[in-house]
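# Coordinate inspection notes
Chain by chain, the residues:
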Amino acid sequence: MMRSGLIDRRAFVKAAGLTFLAALKPGALMALERADAVYASGIRAADGSFAVATVTEQGRIIDQVALPARAHGMAFSKATGKTVAFARRPGTYAMIFDPWNSAAPIVISAREGRHFYGHGTFSPDGRLLYASENDFDNNRGIIGLYDAGNRFARVGEYETYGVGPHDMTVSDDGRFLIVANGGIETHPDFGRTKLNLDHMEPSLTLIDAASGQLIEKHTLPSQYAQVSTRHVDIDASGRVWFACQYEGHRSDLPPLVGHFARGEDLSFVTLPDDTTRALGNYVGAIAVNRAENLVGVTSPVEGTSVTLDAKTGKVLKVESIADAAGIAPARHGFAVSSYDGNFLGEHNDVAWDQHIVRIARG
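Residues numbered from 1 in each chain as written. Predicted model: local features only at pLDDT ≥ 70, side-chain atom pairs only at ≥ 80, totals over all residues. Heavy atoms only, no water.

An unreviewed UniProt entry lists the chain under the name DUF1513 domain-containing protein, with Rhizobium miluonense as the source organism.

In structure tokens:
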């Protein structure tokens with residue numbers, strides 16, 4: 001098994017280049033062949049090594065492929081079936097694989113002077129991969145553009161028009177990129193230290209996907225300057241939902257969830273005070289279930305999962321889930337993972353990472 005932490009590039013390529021399906025046990029292969037959808041997430045195994053795992057809709061791990069270091073966010077292309085695991089900030093690798101294809105995964109690296117922020121998204125046609133990146137010497141948010149038709153070679157970049165971009169998504173028609181600029185300055189020389197908590201600049205930007213031009217920028221009001229915009233998803237109507245992490249005093253009750261559409265101002269959901277407290281001023285992940293018009297958020301801080309009505313913002317359910325981590329739409333409601341190994345109620349001897357993605361068969 002792979003040891004924890006970073007490994008040298010030769011070992012990285014050797015490990016990450018393993019053919020994904022070749023080593024599947026017969027039972028796992030049968031489960032994969034029968035599945036209409038699976039989930040993918042980064043994990044830390046019991047021996048401290050890192051991998052990306054595929055897991056059934058019943059919460060059972062099908063298989064896993066080794067990673068050189070901890071992963072964070074995931075992205076999936078409905079058009080091609082390609083799935084990406086991005087390194088956790090300030091990591092510099094991303095691995096692309098297809099759970100229904102026996103081809104070896106493809107590993108890419110951030111260009112010099114950049115690191116990944118742990119998230120990205122595909123264009124609707126699957127031809128481009130967009131990745132949130134940090135131009136750390138210039139304190140500038142960047143979207144890296146990668147060509148899926150050329151083994152994900154880097155072919156350009158756009159600005160995010162903000163500081164500390166984290167999660168991002170793309171409109172269904174592919175015209176606009178939506179970026180959550182967390183507003184927090186970091187530099188790999190200082191690890192994961194947040195360098196500007198006294199003068200943060202959180203924002204959400206809408207960017208033309210064809211040109212990289214700024215269409216709209218929504219800067220949070222000054223009273224919410226320490227509400228870091230972190231994660232985004234889009235509902236069936238095209239409305240963007242965003243989730244936040246608060247960097248101020250723990251006794252405050254800031255807004256943590258909001259939404260907007262093009263041409264509108266930001267709107268925050270007014271959560272009951274006890275719900276905000278249950279989230280610990282920290283939303284670690286957000287997901288939309290379009291079929292049921294639901295929005296789900298999780299917080300590992302207090303171990304909570306919350307389900308909202310996407311039409312009204314009303315809280316429909318609050319669940320206590322220890323170490324709640326990732327969230328993704330399920331057939332009904334949401335699938336939630338946890339750092340302590342639970343996934344849809346099934347326990348595995350792994351630590352699930354912060355994000356999961358649902359992968360439907362094309």
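## Focus: the overall build of the chain
When its secondary structure is counted, the chain shows three helices and 28 strands. Expressed as a percentage of its 362 residues, the buried residues of the chain come to 57%. In the chain, of all internal contacts separated by at least 6 residues, the share reaching a separation of at least 24 is 50%. As displayed, the chain offers around 15300 Å² of accessible surface, 47% of which is attributable to carbon and sulfur atoms. (Helix = DSSP H or I, 4+ residues; strand = E, 2+ residues; numbered from the N terminus. Buried < 20%, exposed > 50% of the residue type's maximum accessible area, 1.4 Å probe, protein only. Contact = heavy atoms within 4.5 Å. Areas by Shrake-Rupley, 256 points an atom, 1.4 Å probe, with all protein chains shown as cover.)

## Let's talk about the sheet that holds strand β7 (residues 106-109)
Overall, antiparallel pairing links the four strands, which are arranged β4-β5-β6-β7 in an open sheet. Edge positions in the open sheet fall to β4 (71-76) and β7, since each of these has one partner strand only. Taken pair by pair, the neighbouring strands of this sheet meet at an average axis angle of 20°, ignoring direction. Pairing geometry for strand β6 (residues 93-97) and β7, over four bridges, is antiparallel. Bridging across to β7, Y93 finds its partner in S109. (Pairing = 2+ DSSP bridges. Axes fitted to C-alpha atoms, helices over the stretch in contact; angles between N-to-C directions.)

## Topic: unusual backbone geometry
A cis amide bond, omega 0°, links R89 with the succeeding residue P90. Locating P90 in the fold gives a position in the loop between β5 (83-87) and β6. Phi is positive for R151, close to 55°, though the residue is something other than glycine. Of note, R151 is situated in the loop between β10 (140-147) and β11 (153-159). One non-glycine residue with positive phi stands out, namely L344, at about 55°. For L344, the location among the structural elements is in the loop between β26 (342-343) and β27 (346-347). With relative accessibility at 33%, the residue L344 sits in the partly exposed group.

## Quick look at the environment of Y224
Among the structural elements, Y224 can be located in the loop between β15 (214-219) and β16 (227-234). By relative accessible area, Y224 is classed as partly exposed at 26%. Spatially, the C-alpha atom of Y224 lies 8.8 Å from that of Y246, the residues being 22 residues apart in sequence. Setting aside its immediate chain neighbours within four residues, Y224 contacts P202, P255 and F268.

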